[in-house]
Amino acid sequence: MTVTLFLPCAGGVEPLLAEEATRIAGRPAEPGRGGVWVEGDERTAMALNLDSRLAQRVLWPVIDGRYRDEHDLYDLARRVRWGDWIAPEQTLRVDTSAVRSPLRSLNFAALRIKDAVCDTLREATGSRPSVDTHRPDLPLALFVGPEEATLYVDLSGEALFKRGWRDAKGEAPLKETLAAAMLAAAGWQGREEDGPLLDPCCGAGTIAIEAAQLACGIAPGGQRRFAFERLLPFRAHAAAWRELKAAARAREHAPCTAVFAGDVSFRMTDFAARNAERAGVTRAIDFKTADALQRPPPAPSGTLMLNPPYGERIGAKGQGSGQRFEGGGTPAEFFAALAAHWKRHYAGWQAWVLSPEMKLPSLMRLKESRRVPMWNGPIECRLFRFDMVAGSNKESA
């Protein structure tokens, strides 16, 4: 059965996700606000869950229509044959989001959708499913606009940034989908021609691990389970799912290029190394505990990719500039010292820095060659590109 799947993503990532979804689905994907639409069947949906690094979820539409109130939503959901999706002994959950909706309570809207599913199954079988807010068999996503409503089955279950390998977390860990978006925006896909990559402020190692999996051809969803595996329409496609996973494992290979990472904190470097072990990329990443303001380049040229500490998160005990940034330091001092270090030692490298500070180039006294809007959760950020060239830091005598 072919439908128009919806793949939500972080703001700013839509064009990148459209390219990725087109490659995975084998047909053109259309970017929109907050996500991408692409036509596909059950096999396409499974492949997108397995191979997409940028999508937050894969949503399968089941019904849409006009509405005025919660009673209309109930009637809309009652038109779906829910017995084709789950059995009465299984569980469900309904999540609701709205844009300019006249509804006063989204919780009540979700309740009415739940009632419709339960009533339909009770009438057909004599019993009804229960609600599970943590790991439901049937996760539903309701989108309501000013006049139109669409109800989707969430085939992913847990959000796709949960790759299945993360355990130890640092403070404010970067989501895997955003790290992958940074790499996609930079055009770094782990190929030999992309050259080495370094994250000198790696925290829990998210950027480095995403990069290493790209360099090794490891599917992002290969270590986790998905909601569609428990849904009745996809049980008939179990053989196809096994084939997709086997093909993904067959594509894995030795890393095509080197990935380097580290942090000033021994604790965070250890966290990152343990995460890399769970992700299956320990041998693909060279970890080193080092101050970002002193670390020499591991190669003559390459790509710097980082989500540096800022504001209260600054904990780099920088000694390279003779200053200490833990406690009394300021973001301006940290970024100025970081840029000075790059100018002196990283000529020939390309640096990509994600930050909510729109004046970052002036703080670093560098001219950006590109800035890409991205959202880190609710925080509006920019991914800045700086091209480090020889002689860019000529000091006066």
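The rules behind the values
Residues numbered from 1 in each chain as written. Predicted model: local features only at pLDDT ≥ 70, side-chain atom pairs only at ≥ 80, totals over all residues. Heavy atoms only, no water. Helix = DSSP H or I, 4+ residues; strand = E, 2+ residues; numbered from the N terminus. Contact = heavy atoms within 4.5 Å. Areas by Shrake-Rupley, 256 points an atom, 1.4 Å probe, with all protein chains shown as cover. Lys, Arg positive; Asp, Glu negative; His and termini not counted. Charge placed at Lys NZ, Arg CZ, Asp CG, Glu CD. Phe/Tyr/Trp six-rings, centres within 6.5 Å; stacked < 30°, edge-to-face > 60°. Lys NZ or Arg CZ within 6 Å of the ring centre and 35° of its normal. Axes fitted to C-alpha atoms, helices over the stretch in contact; angles between N-to-C directions. Parallel < 35°, antiparallel > 145°, perpendicular 65-115°, else oblique. Left-handed = near helix turned anticlockwise from the far one by under 90°. Nonpolar A, V, L, I, M, F, W, Y, C, P; charged D, E, K, R; others polar. Buried < 20%, exposed > 50% of the residue type's maximum accessible area, 1.4 Å probe, protein only. Pairing = 2+ DSSP bridges. Expected span 1.5 Å × (residues − 1). Polar contact = N/O pair within 3.5 Å; in protein donor to acceptor, adjacent residues only side chain to side chain. Salt bridge = Lys/Arg side-chain N within 4 Å of Asp/Glu carboxyl O.

**Regarding the overall build of the protein**
At step 1: In terms of regular secondary structure, the protein is built from 11 helices and 15 strands.
At step 2: When contacts within the protein are restricted to residue pairs at least 6 apart in sequence, long-range pairs at least 24 apart make up 77% of them.
At step 3: Summed over all atoms, the accessible surface of the protein reaches about 18,100 Å², with 49% contributed by carbon and sulfur.
At step 4: Separation between the mean location of the 52 positive side-chain charges and that of the 49 negative ones in the protein comes to 2 Å.

**Focus on the packing of aromatic side chains**
At step 1: Following the criterion strictly, the structure yields 12 aromatic pairs and no others.
At step 2: Considering the side-chain rings of Phe228 and Phe234, the 5.4 Å spacing of their centres and the 45 degrees angle between planes classify their relative orientation as tilted.
At step 3: By the ring-pair criterion, three or more aromatic residues cluster together here, those being Trp60, Phe226, Phe228, Phe234 and Trp241.
At step 4: Over the ring of Tyr74 we find Arg112; its NZ or CZ atom is 4.2 Å from the centre of that ring.

**Some remarks on the packing of helix 1 (residues 14-25) against helix 2 (residues 42-51)**
Two measures define how a pair of helices packs: the angle their axes make with one another and the distance between the axes.
At step 1: Put simply, helix 1 and helix 2 touch, their axes get as near as 9 Å, and they point 130 degrees apart. Overall, the two elements helix 1 and helix 2 adopt an arrangement that is oblique. Crossing of helix 1 over helix 2 shows right-handed handedness. Between helix 1 and helix 2, the contacting residues are Glu20, Ala21, Ile24 and Ala25 on the first element and Thr44, Ala47, Leu48 and Asp51 on the second.
At step 2: Across the contact of helix 1 with helix 2, the residue classes tally to five nonpolar, one polar and two charged.

**Looking at the pairing of strand 13 (residues 349-355)**
At step 1: A large share of strand 13 lies buried, amounting to seven of its seven residues.
At step 2: Where burial is concerned, the two faces of strand 13 agree: the one with Trp349, Ala351, Val353 and Ser355 and the one with Gln350, Trp352 and Leu354 are both buried.
At step 3: In the sheet, strand 12 (residues 302-306) pairs with strand 13 via five bridges, with the strands oriented parallel. Across the sheet, residue Leu306 finds its bridge partner in strand 13, namely Val353.
At step 4: Here strand 13 runs beside strand 15 (residues 379-387); their pairing, made up of six bridges, is antiparallel. Bridging from a neighbouring strand, Ala351 pairs with Phe386 of strand 15.

**Considerations on helix 4 (residues 106-125)**
At step 1: With 20 residues, helix 4 extends 29 Å from end C-alpha to end C-alpha; this agrees with the ideal 28 Å at 1.5 Å per step.
At step 2: Buried within helix 4 we find Ala109, Ala110, Arg112, Ile113, Lys114, Asp115, Ala116, Val117, Cys118, Asp119, Thr120 and Leu121.
At step 3: The inward-facing, buried residues of helix 4 contact helix 3 (70-78), strand 5 (91-98), strand 6 (130-131), strand 7 (138-144) and strand 8 (148-154).
At step 4: Two or three places before Asn107, at the opening of helix 4, Ser105 has a side-chain oxygen 3.5 Å from that residue's backbone nitrogen.
At step 5: Just downstream of helix 4, Gly126 is the residue with a positive phi angle, here 90 degrees.

**Structural notes on the pattern of salt bridges**
At step 1: By the definition in use, this model includes 24 salt bridges.
At step 2: Two residues, Arg66 and Glu148, come together in a salt bridge whose shortest N-O distance is 3.7 Å. Placement of the pair is Arg66 in strand 4 (residues 59-66) and Glu148 in strand 8, with a sequence separation of 82 residues.
At step 3: Accessibility expressed as a relative area gives 39% for Glu148, which makes it partly exposed.
At step 4: One salt bridge connects Arg371 with Glu368, and the closest N-O pair in it is separated by 2.9 Å.
At step 5: The class of Glu368 is buried, set by a relative accessible area of 16%.
At step 6: Among the ionic contacts, a cluster of salt bridges with common partners joins Arg53, Arg163 and Glu210.

**So, the environment of Leu174**
At step 1: Relative to the helices and strands, Leu174 resides in the loop between strand 8 and helix 5 (176-186).
At step 2: Measuring from C-alpha to C-alpha, the distance between Leu174 and Thr206 comes to 6.5 Å, with 32 residues separating the pair along the chain.
At step 3: Each residue touching Leu174, except ones within four places of it in the same chain, is listed here: Arg166, Ala179, Met182, Thr206, Ile207, Asn307, Leu354 and Asn376.

**Regarding the environment of Tyr346**
At step 1: Turning to its location among the elements, Tyr346 is positioned in the loop between helix 10 (331-345) and strand 13.
At step 2: Residue classification places Tyr346 among the buried positions, given a relative accessible area of 2%.
At step 3: Ignoring anything within four residues of it in the chain, the contact list for Tyr346 reads Leu198, Arg295, Pro296, Pro297, Leu304, His341 and Met388.
At step 4: Among the polar contacts listed, one links the side chain of Tyr346 to the backbone oxygen of Arg295, at a separation of 2.8 Å.

**Some details on the sheet that holds strand 10 (residues 259-261)**
At step 1: Judged by pairing direction, the sheet is mixed, and its seven strands sit side by side in the order 11-10-9-12-13-15-14 without closing on themselves. Whereas interior strands pair on both sides, the edge strands pair on one side only; in this sheet they are strand 11 (285-287) and strand 14 (370-376). Neighbour to neighbour, the strand axes of the sheet diverge by 20 degrees on average, direction disregarded.
At step 2: This element, helix 5, spans strand 9 (197-199), strand 12, strand 13, strand 14 and strand 15 of the sheet and lies at about 165 degrees to strand 14.
At step 3: Here helix 6 (residues 206-216) sits on the sheet and contacts strand 9, strand 10, strand 11 and strand 12; the angle it forms with strand 10, its principal contact strand, is near 170 degrees.

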